[in-house]
Amino acid sequence: MKRIFLIVLDSCGVGYEPDAADFGDVGADTLRTCATSARFDMKNLVAAGLGNLDGIDYLPKAAHPTAALARLQELSRGKDTTIGHWEIAGIVSPTPLPTYPDGFPEEVLEPFRRATGRGVLCNKPYSGTEVIKDYGRQHVETGDLIVYTSADSVFQIAAHEAVVPPEQLYEYCRAARQILQGRHGVGRVIARPFEGEWPYSRTTRRHDFSLEPPRETMLDAVVKAGQSMIAVGKIHDIFAGRGMTEFTYTAGNADGMAKTLEIADRSFQGLCFVNLVDYDMLYGHRRNIDGYAAALTEFDRWLPELLKKCGPDDLVMITADHGCDPGYLKHTDHTREYIPLIMLGSGIRPVNLGTRPGFCDIAATVTELLGVPYETPGRSFAKELL
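Residues numbered from 1 in each chain as written. Predicted model: local features only at pLDDT ≥ 70, side-chain atom pairs only at ≥ 80, totals over all residues. Heavy atoms only, no water.

### Digging into helix α3 (residues 81-88)
Extensive coverage of α3 is indicated by the burial of 8 of its 8 residues. Restricting attention to buried positions, one finds in α3 the residues Thr81, Thr82, Ile83, Gly84, His85, Trp86, Glu87 and Ile88. Between the side-chain oxygen of the N-cap and the backbone nitrogen of Thr82 there are 3.0 Å, and the N-cap of α3 in question is Asp80. At the exit of α3 stands Gly90, carrying a positive phi of roughly 115 degrees. (Buried < 20%, exposed > 50% of the residue type's maximum accessible area, 1.4 Å probe, protein only. Helix = DSSP H or I, 4+ residues; strand = E, 2+ residues; numbered from the N terminus. Polar contact = N/O pair within 3.5 Å; in protein donor to acceptor, adjacent residues only side chain to side chain.)

Shown next, in the form of structure tokens:
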């Protein structure tokens, strides 16, 4: 293969996994929930074989699928963005990243206050939109920072842009990232700027500061082999800027898809790794079924534009990193789900690989197809595709 476009539909899981009870997620099924909406119409991917995936009995089956298909089960002990992407990139994490259901301890907060010169508000799990409603006024009055977490391994800092300009907020996040190492090494420190008058609204200037992967990833291997590794969206943040030849941030799904098309117009050898985050950030956590469904439909309508730009030596891989069922009633966090893997290209054999253990099979397959040496627990299925 010359070019591989690996696109993560952030949080688009396809049904709860056998160990979902350990995560409080029995019954979650992100794609099934979205398919109940009148705004759901993924006719292109259904024709490719989306409905033929294991466990999907609510979409039509394609008599003659055009895609290679698989359903992947997570091996890592987690259900968040960092763990999911690391496993896609070849690293299985048997130990979950730390979470803080009772808030962060003083051994974290005291050095954080010292580093920033500001106090701390909230310090407990909270919805990102609700936390600025409940603590935003106090923050504006005092200048204290809103620090909160979720069921995921995250340390989030919210601040009004008129009180703490985004660049200053990013510096505070970098300070927190230095503090949050070792046993307090959360997956991500996240800047959450907001603006306006109460009830405030979050801006698009979010920025993630991730824990660096503990070992070499697929991205590192591609770069080491002298090939291109182009990161689109929050891929740069998830991998702490490591293992890429270039990167571009995006202002949402539409921008991410537009930038992917621009990259597809270029000649390169290697991998273009894309994250489309709106599904998770705008619709999954916000429990907006129609919004999620409409965004999936928009992607489905866009996909043929990308395929038109692909040559016989190109491959498009579409997957996810976890679930975030917008209809799940027990909580508003990520859900422990299988992920889909749909592979399209004129040189790809339309084979159904069934259910496979390990998102890391993606890393093994990508590196073999690109001729890149890489050691991973994943099992390549490259020969079955060609």
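### Examining the pairing of strand β11 (residues 270-276)
Most of β11 sits out of view: 7 of its 7 residues are buried. Note: strand β9 (residues 228-232) against β11, 5 bridges, orientation parallel. Residue Met229 lies in a different strand from β11, and its bridge partner there is Leu271. (Pairing = 2+ DSSP bridges.)

### Some details on the pattern of salt bridges
In this structure the tally under the stated criterion is 30 salt bridges. When the shortest N-O distance is used, the salt bridge between Glu368 and Lys383 registers 2.6 Å. Of this pair, Glu368 sits in helix α12 (residues 361-370) while Lys383 is found in helix α13 (residues 382-385), placing the two residues 15 residues apart along the sequence. Among the residues examined, Glu368 registers a relative accessible area of 34% and is labelled partly exposed. Overall, the relative accessible area of 68% leaves Lys383 in the exposed class. Each of Glu17, Asp19, Asp22, Glu74, Arg77 and Arg336 takes part in one network of salt bridges that share partners. (Salt bridge = Lys/Arg side-chain N within 4 Å of Asp/Glu carboxyl O.)

All quantities given are derived from atomic positions and should not be read as evidence of function.
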